[in-house]
Amino acid sequence: MLRLTLYLFLAIAAGVASFFIPNPTAVNLTAGLSMGMLIPVVDEVGKNWEHIRHIWYSTRYRNRPIRVSTAYLFRIKIDEKYLLIRGSRYASQFQPVGGVHKVSPQGSSTLSAMSVTGDDLIPVDPASYSDIRVRVPGKNIAKFFRWFEAREGREDSPWREFQEELLATGILPIDKFPHIMHNYLRRDVDRIRYSEYADSLEILVADIYELIPSQEQESALRQLAAAGHPDLEWVTAQQIQRRGATPGQPHTIEIAAHARRIV
């Protein structure tokens with residue numbers, strides 16, 4: 001942000017100077033300097049856009065609480081079909097493997113100092129305890145996201161939900177998955193919006209990972225797909241985009257809207 005401010009100041013200064021210098025050569029030089037400085041300004045704005053947006057939210061909504069929910073999701077794909085699992089809270093719905101990030105005791109202290117409070121939409125139980133599903137004072141939104149992006153005091157691996165949902169349940173063989181390789185694809189940070197469900201302004205965040213199975217693990221996944229399982233569905237990208245609907249066929253499964261993030 002400091003570099004962006006410096007570039008912007010120099011570009012404006014050079015542009016203003018060009019209006020007060022009568023010498024054509026000097027005007028061309030300062031105008032060229034101004035345009036040259038705008039290039040890194042645009043570059044820095046692009047790199048810091050999310051942070052700039054959160055600073056704006058901190059100003060505009062400073063006196064309003066904002067619900068923030070952060071999660072990670074797995075893209076598990078075999079033969080052009082994506083693995084979805086039955087939701088634990090919404091049993092009629094299928095969704096990607098994954099879940100809400102957890103905060104550590106250290107992180108909890110940091111969030112308390114920001115006056116961040118727990119969310120009351122989901123009952124607090126052993127499964128939801130320490131979830132980063134919280135209410136943040138609007139004035140602290142930029143500060144909250146700086147903390148989140150620093151990865152200190154919070155869960156920073158997708159292993160827990162993979163283990164809990166697919167291994168501890170016996171869906172996949174533990175001996176074939178003592179560890180996993182995965183690629184980090186991207187982070188989706190939704191624009192702020194009003195949620196009728198939460199009766200609050202809300203920002204949803206999702207880190208997307210892709211499972212990179214070994215040959216042995218890929219074989220285990222294919223066997224799982226062939227055998228079938230009541231808590232799993234293997235679906236196409238089109239089915240995910242249509243929330244489970246297939247043209248010309250009865251609508252037999254409901255796919256969560258956030259599953260679109262893994263396509």
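Here, the structure is the one placed above.
Residues numbered from 1 in each chain as written. Predicted model: local features only at pLDDT ≥ 70, side-chain atom pairs only at ≥ 80, totals over all residues. Heavy atoms only, no water.

Novice: Looking at this model, I keep getting lost on the pairing of strand β3 (residues 81–86). Mind explaining?
Specialist: If a strand is regular, its side chains alternate between the two faces of the sheet. In terms of strand pairing, strand β2 (residues 77–78) meets β3 through 2 bridges, oriented antiparallel. Considered in β3, the bridge of Lys77 is made with Tyr82. As defined by bridge partners, β3 adjoins strand β11 (residues 232–235) across 4 bridges and the pair is classed as antiparallel. Its bridge partner being in β11, Leu83 is matched across the sheet by Trp234. Of the strand pairs in this sheet, β3 and strand β4 (residues 93–95) are connected by 2 bridges, and their pairing is antiparallel. Across the sheet, Ile85 pairs through a bridge with Gln95, a residue of β4. The hairpin formed by β3 and β4 contains 6 residues between the paired strands. (Pairing = 2+ DSSP bridges. Helix = DSSP H or I, 4+ residues; strand = E, 2+ residues; numbered from the N terminus.)

Novice: Explanation requested: unusual backbone geometry in the structure shown.
Specialist: Phi is mostly negative for residues that are not glycine, and the peptide bonds are mostly trans. One non-glycine residue with positive phi stands out, namely Glu80, at about 65°. Mapped onto the secondary structure, Glu80 falls in the loop between β2 and β3. Residue class for Glu80 comes out exposed when judged on its relative accessible area of 57%. Unusually for a residue other than glycine, Ser115 sits at a positive phi of about 65°. Relative to the elements of secondary structure, Ser115 occurs in the loop between α4 (105–113) and β6 (117–118). A relative accessible area of 47% means that Ser115 is categorised as partly exposed. (Buried < 20%, exposed > 50% of the residue type's maximum accessible area, 1.4 Å probe, protein only.)

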